[in-house]
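# Geometric and topological summary
Chain by chain, the residues run as shown.
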Amino acid sequence: MVDYIRDEEEQVERIKAWWQENGTAAVITVVLAVAALIGWRQWQGHQGEQASEASAHYQVMVEALSANPMDAAVINDKADLLMEDFSSSAYADYARLAKANLAVQDADYDKAVSFLQPVADDGATDELSYTASLRLARVFLQQQAWDKADALLGKSFPTAFNGMALELRGDVAKAQGEAEQARDLYTQALDVLQDGGEKDRVQMKLDDLKSVS
């Protein structure tokens, strides 16, 4: 029992000594930890508000894109806002795709390229990059820039995008008079595509080539 009491007294003395040496630092550490926690929660709240605001602008832009006819003024306004105020988010890339869409509608292909190229090169997500690459290839087709389209479509695409990439490669081959190559690429696209409408479109292109030959 005496040893036990002595141990207790020694522990108390050690705690007192430690507190005298480190008490202030310990208090400061706790205060900083609490402040960091509060700051983190405030930052998360701000991020949540930012995401909600960006989503609202994006929704308006999508509705304007879906309108018949499209509301170009609203699309440009919301797209510019997303690109300026939310430049580091995926919403900025969606805005670039929207502005490229408008440029294509106006047959301003150089402008469309200027919006699509950054997303194709370094999109916020892989899906955005693949989408932008396919749309950029279509623009190069309109510009008859066969080499650029070929180079873009020559990279590896995941299954969800590969059918469309093969179709576009077929379009490039057809445009250059390579009918046999185009037929082969369209056939490969049919084997990969899942969507019925897309398969019907490619089948029509393939039938058209067969009727010509």
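Look above for the structure.
In every chain, residue numbers begin from 1 and rise along the written sequence. Since the coordinates come from a predicted model, pLDDT governs what is reported: local features require at least 70, and pairs of side-chain atoms require 80 or more to be given and counted, while whole-chain, interface and lining totals use all residues. Heavy atoms throughout the structure, all of them, feed into the side-chain values; hydrogens and water do not.

### What to know about the nonpolar core
How we decide: Put simply, a nonpolar core is a bunch of buried Ala, Val, Leu, Ile, Met, Phe, Trp, Tyr and Cys residues held in one set by side-chain atoms that sit within 4.5 Å of each other. Only protein chains enter the accessibility calculation, which uses a 1.4 Å probe. A residue is then buried if its area is under 20% of the maximum for its type, exposed if over 50%, and partly exposed in between. A run of H or I in DSSP becomes a helix once it reaches four residues, and a run of E becomes a strand once it reaches two; helices and strands are each numbered from the N terminus. Only heavy atoms enter the contact rule, under which two residues are in contact if any of them lie within 4.5 Å.
Counting residues in each nonpolar core, the largest one holds 38 residues, and the members touching the most others are Leu-116, Leu-134, Leu-136, Phe-140 and Leu-153. At the level of elements, helix 3 (90–105), helix 4 (109–122), helix 5 (126–142), helix 6 (146–153), helix 7 (159–175), helix 8 (179–192) and helix 9 (196–212) are the ones that each hand at least two residues to this core. Ranked by residue count, the leading element in this core is helix 5, at eight residues. Beyond its immediate stretch of four places on either side in the chain, Leu-134 contacts Leu-153, Phe-157, Phe-161, Met-164, Ala-165 and Leu-168.

### Structural notes on the packing of aromatic side chains
Short version of the rule: Pairing of aromatic rings covers Phe, Tyr and Trp, the last through its six-membered ring, and needs centres within 6.5 Å; plane angles under 30 degrees mean stacked, over 60 mean edge-to-face, and all others mean tilted.
Inspection of every chain in the model, using the stated rule, returns four aromatic pairs. Ring plane angle 55° and centroid distance 5.4 Å describe the contact between Tyr-58 and Tyr-91, whose orientation is recorded as tilted. Residue Tyr-58 is found in helix 1 (residues 2–66), and its partner Tyr-91 is found in helix 3; the two are separated by 33 residues along the sequence. Judged by its relative accessible area of 22%, Tyr-58 is partly exposed. On the accessibility criterion, Tyr-91 (22% relative accessible area) is partly exposed. A centroid spacing of 5.3 Å and a plane angle of 40° characterise the contact between Tyr-130 and Phe-161, whose relative ring orientation is tilted.

### Section: helix 3
Rule in force here: Working rule for helices: expected span equals 1.5 Å times residues minus one.
Its 16 residues place the ends of helix 3 23 Å apart at the C-alpha level, agreeing with the 22 Å of an ideal helix rising 1.5 Å per residue. Considered for burial, the residues of helix 3 that qualify are Ala-92, Asp-93, Ala-95, Arg-96, Leu-97, Ala-98, Lys-99, Ala-100, Leu-102 and Ala-103.

### Focus: the packing of helix 4 against helix 5
Condition: Each axis is a line fitted through C-alpha atoms, and for a helix only the stretch in contact is used; angles between axes span 0 to 180 degrees, taken between their N-to-C directions. Orientation labels follow simple angle bins: below 35 degrees gives roughly parallel, above 145 gives roughly antiparallel, 65 to 115 gives roughly perpendicular, and whatever is left gives oblique. Helix crossings are classified by the rotation of the near helix relative to the far one: an anticlockwise turn of less than a right angle makes the crossing left-handed, while a clockwise turn makes it right-handed. Ten residues, namely Ala, Val, Leu, Ile, Met, Phe, Trp, Tyr, Cys and Pro, are considered nonpolar, four, namely Asp, Glu, Lys and Arg, are considered charged, and the remaining ones, Gly among them, are considered polar.
Relative to each other, helix 4 and helix 5 sit at 150°, their axes nearing to 8 Å. Relative to helix 5, the element helix 4 is oriented roughly antiparallel. Two packed elements cross with a definite hand, and for helix 4 against helix 5 that hand is left-handed. Residues Tyr-109, Ala-112, Val-113, Leu-116, Gln-117, Val-119, Ala-120 and Asp-122 of helix 4 touch helix 5, and the partners they reach there are Leu-128, Ser-129, Ala-132, Ser-133, Arg-135, Leu-136, Val-139, Phe-140 and Gln-142. Taken together, the residues of the contact of helix 4 with helix 5 break down into 11 nonpolar, four polar and two charged.

### Some thoughts on the pattern of salt bridges
Definition in use: One side-chain nitrogen of Lys or Arg within 4 Å of one carboxyl oxygen of Asp or Glu is enough to make a salt bridge.
As enumerated under the stated definition, the model contains six salt bridges in all. Ionic pairing is found between Asp-208 and Lys-174, a salt bridge with its closest N-O pair at 3.2 Å. On the criterion of sequence distance, the pair formed by Asp-208 in helix 9 and Lys-174 in helix 7 is long-range, its members being 34 residues apart. The class of Asp-208 is partly exposed, set by a relative accessible area of 35%. For Lys-174, a relative accessible area of 35% puts it in the partly exposed group.

### Some points on the side chain of Lys-99
With respect to the helices and strands, the residue Lys-99 is situated in helix 3. When sequence neighbours within four positions are dropped, the list of residues in contact with Lys-99 reads Asn-76, Ala-79, Asp-80, Met-83 and Phe-115.

### Brief notes about the packing of helix 7 against helix 8
It is at 8 Å that the axes of helix 7 and helix 8 come closest, and there the two elements cross at 165°. Relative to helix 8, helix 7 is oriented roughly antiparallel. Crossing hand, helix 7 versus helix 8: left-handed. Across from Thr-159, Asn-162, Gly-163, Leu-166, Glu-167, Arg-169, Gly-170, Asp-171, Ala-173 and Lys-174 in helix 7, the residues of helix 8 making contact are Gln-181, Ala-182, Leu-185, Tyr-186, Gln-188, Ala-189 and Val-192. Classifying every residue of the contact of helix 7 with helix 8 by side-chain character gives seven nonpolar, six polar and four charged.

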